[in-house]
Structure formats: C-alpha cells, structure tokens
Amino acid sequence: MAYSVPKLTDYSAAALEKAAAESVRACTDEAAAVRNDAELKAFRDRWVARKNGVLTQINDLWLKGAPKDAKRETGIRVNDLKARIQELVEGAHVITRVDGGSAATERVDISLPGIRRPIGAEHPVIKTLNEIVSVFQKLGYSVAEGPVVETDYYNFEALNFPPNHPARDTQDTLFIAGQSAKPLRERLLLRTHTSPVQIRTMEKMRPPLRIVIPGQVHRNDPPDASHSPMFHQVEGLAVDTNITFSDLKGTLDHAMKALFGSSVKTHFRPSFFPFTEPSAEMFVSCFICGGSGKRGAEPCRPCKQTGWIEILGCGMVDPNVFEFVKNNGYDPKKVSGFAFGMGADRIALLKYGVDDIQLFFQGDVRFLEQWG
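Residues numbered from 1 in each chain as written. Predicted model: local features only at pLDDT ≥ 70, side-chain atom pairs only at ≥ 80, totals over all residues. Heavy atoms only, no water.

Which parts of the structure should I look at to understand the packing of aromatic side chains?
A ring pair, where both rings are aromatic, is described by two values, the distance of the centres and the angle of the planes. Counted under the stated rule, the structure contains 13 aromatic pairs. Residues Phe136 and Phe340 carry aromatic rings whose centres are separated by 4.8 Å and whose planes lie at 25° to one another, so their mutual orientation is stacked. Pair noted here: Phe136 is in helix α5 (residues 124-137) and Phe340 is in strand β13 (residues 336-343), with a separation of 204 residues, a long-range link. Each member of the pair, Phe136 as well as Phe340, carries the same accessibility label: buried. When the centroid spacing of 6.2 Å and the interplanar angle of 75° are considered together, the rings of Phe245 and Phe268 count as edge-to-face. Remark: Phe268 occurs in strand β8 (residues 266-273) and Phe245 occurs in helix α8 (residues 245-260); sequence separation between them is 23 residues. Members of the aromatic cluster, connected to one another through ring pairs, are Phe136, Tyr141, Phe338 and Phe340. Positioned over the ring face of Tyr154 is Arg200, at 4.0 Å from the centre of the ring. (Phe/Tyr/Trp six-rings, centres within 6.5 Å; stacked < 30°, edge-to-face > 60°. Helix = DSSP H or I, 4+ residues; strand = E, 2+ residues; numbered from the N terminus. Buried < 20%, exposed > 50% of the residue type's maximum accessible area, 1.4 Å probe, protein only. Lys NZ or Arg CZ within 6 Å of the ring centre and 35° of its normal.)

This is the structure in structure tokens:
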C-alpha cells in the first residue's frame, strides 16, 4: 500500500519523530522496489514533485498546520526529514544488465569515488623552470612577472641599451608591425629577455628588493638544434645597501649546487652586458662527466671536453640602470645590486640529455610522455 502523508494532531517531539521515521521507512522501501527507468521516474515524481509530491504534502500538512508554539520544533524536524528523503531519492539509481540470459538489476552506490582522469605531467622545460624558481624562493626571493609584448623603453632604453645598439636590430628583435609612427621608446616588440620586469618592479617597489623572474622571451633566431625564436628565461635581481660581487658569487654557487648536486663547482669569467658592470659568465663543472671531459673512452659532448658548461650571465647592476628609477629610492650612490639570467631550455637540454631543443616545442606526445 502506497504511503500517504498523515495529518498530525499531536506535535510532541516523540510524535514528530515517529511520523518522520515512518516517512523515511516508506521512502526507503519504495526506492528498493524500483526495477526500471520508468519506475525510477515515477518514484522521484511521487516524492519530490513540486506541486503534489510527498515532501510538498509534508510541508503543507505538518508545518503549516502546526500550532504557533510548536512551529519552530516542527520546522527543524521537517527540514531534517526533507534532507533525508532528498538523499534517498537522489541515491535511487538502477542499471540493467544481461547476465546469463536474464535481466538483473543493481543499485549504484553513489558514495564510491569516481574514476580519476589522468591530468598529464609537467613539460620538461616548465619542470626545469619551476625547479630553478623554487631554489631562489627558498633563498627569500619573490616571483615577479610582466608582459611579453613590451615597449622599447622597458626592453632596451631603461636597461642601458643605447639607440644604436645591435640588439635593437630586426635581425635580433621581433617588432610589432605598424609602430613606425610612434616615438622610439613607445614602439612595441616581443621582449628579448625578462629584464624589463626588473625595471617595472623597481618602479613599483622600493629597496630592498629580491625577485626572480621566469617567463617566455622571443628573438629572431632561425630554429635549429640549439636555437629557437621562442624560449624561456629565469632572471634574478637583488638590490640593497652594500651588496657586493661576493654576494652574487655566493648566491649563484649555492643555487647551482642545489640544482646540480653539492659536488658541482662554479667558475666566473669576465664578460660584457649593457645593464651590468662588472659582468661575468658563470660556468659549472660538467655534472655529466664530473669535470673530466670524457665519458668513459668517449669525449663528453655537452661540455665539449673542457669539463665546464656555461650556464648563465650575471653582474653588478650598472649605476646607469638605477638612474631610471632613482626617484623611487634607487640612488646609485646609496644602493647596489646584482642581476643574473639563465635559459631554462638550455638547462633542460643538459639535465635530460636531449640533443635538439626543437623537440620541446613540437608537441610530440611520444617524446613528452617520457616525463609522465
């Protein structure tokens, strides 16, 4: 016999609890009796239909008919009952299968966890990028980001690149079309390094400052095994009072040991960059051949048999760069700093033994799933 909602005359706690228990038991029994999709639909309509469902009748007969002094307690119990019945109705699912020639019906336990879909793995370049950033974050550096489409001012002028510097040439830089009518410093281009973020950050934040800057950069390089028109850089900047080249060397030596192992040695050679003075290129002892230049009887190709691998460029921030942000606390007479930059793609090539940088960008799943 189908359940019908009784009209209550007794609104005591015991009577309400008994009536609610009868409703739950009736709903449970009817859910267990469902055998096909048509019966499932009828069951749901009977209990939760908005106009004349059982839940609507319970609300009308019990809550609206309750005496004023029993309204609050009745409302609490009716709400609890609604939630319980909704749960029972939503959990009433059936699937039909053919088993041995006869139809059999199973209930689906909706409390079981679903089937997890694999989300893939980090791209080897992004993984390397994150590893580098993580090392400097542990040293107290913050992560800074900036736009890939930059102005000539931030990409060149504010970094001490004079107007006739060869890096501005179209052979090196990808300029946005239709910019010739603008003043030189406002012309747009694809940034050739992440250094513009250093200037942008110094404009916003006063010293002391310690930031690491990961991101994509673009240069007009023809693609080959070691070059790509798009690649990834990680740069760093530290500015404070009394920062010296020794601080730079100590920071980078620690970072390289964290990345490549504690046995790695570092070596600095003088170089030139427009935005640092003095400048240096940093080498690490080859972590593939251990600095011997040989892999067994064969020569070590990554270090070209020298036992050293060039990793990054670095130096003390040129005072001319500080002049562009002098009004924000970067007086070159009071503060000093160091900067460095490395290519994440090049380090990924070395770490994973890949001999062609183009493999990173071709999207071949057979190649990329090796790091899954």
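Help me out: how do you make sense of the pairing of strand β7 (residues 230-240) in this one?
Two faces belong to every sheet, and in a regular strand the side chains alternate between them. Of all 11 residues in β7, 9 are buried, a share of seventy percent or more. Where strand β6 (residues 209-218) and β7 come together, 10 bridges link them in antiparallel fashion. Across the sheet, Gly215 pairs through a bridge with Gln233, a residue of β7. Where β7 meets β13, 8 bridges bridge the pair, whose relative direction is antiparallel. Opposite Gly236, over in β13, you have Phe340 as the bridge partner. (Pairing = 2+ DSSP bridges.)

Is there a simple way to explain the pairing of β13 in this structure?
The buried fraction of β13 is high, at 6 of 8 residues. As judged from the 5 bridges shared by strand β12 (residues 308-317) and β13, these two strands associate in the antiparallel manner. Bridged to Gly315 within β13 is Ala339.

What exactly am I supposed to notice about unusual backbone geometry here?
With the exception of glycine, the majority of residues adopt a negative phi angle, and the majority of peptide bonds are in the trans configuration. With an omega of 5°, the peptide bond running from Pro207 to Pro208 counts as cis. Structurally, Pro208 is set in the loop between α7 (196-204) and β6. The phi dihedral of Asn160 is positive, around 70°, even though this residue is not glycine. Residue position: Asn160 is located in the loop between α6 (152-155) and β5 (188-190). Of note in the backbone geometry, Asn242 takes a positive phi value of approximately 65° without being a glycine. Mapped onto the fold, Asn242 is located in the loop between β7 and α8.

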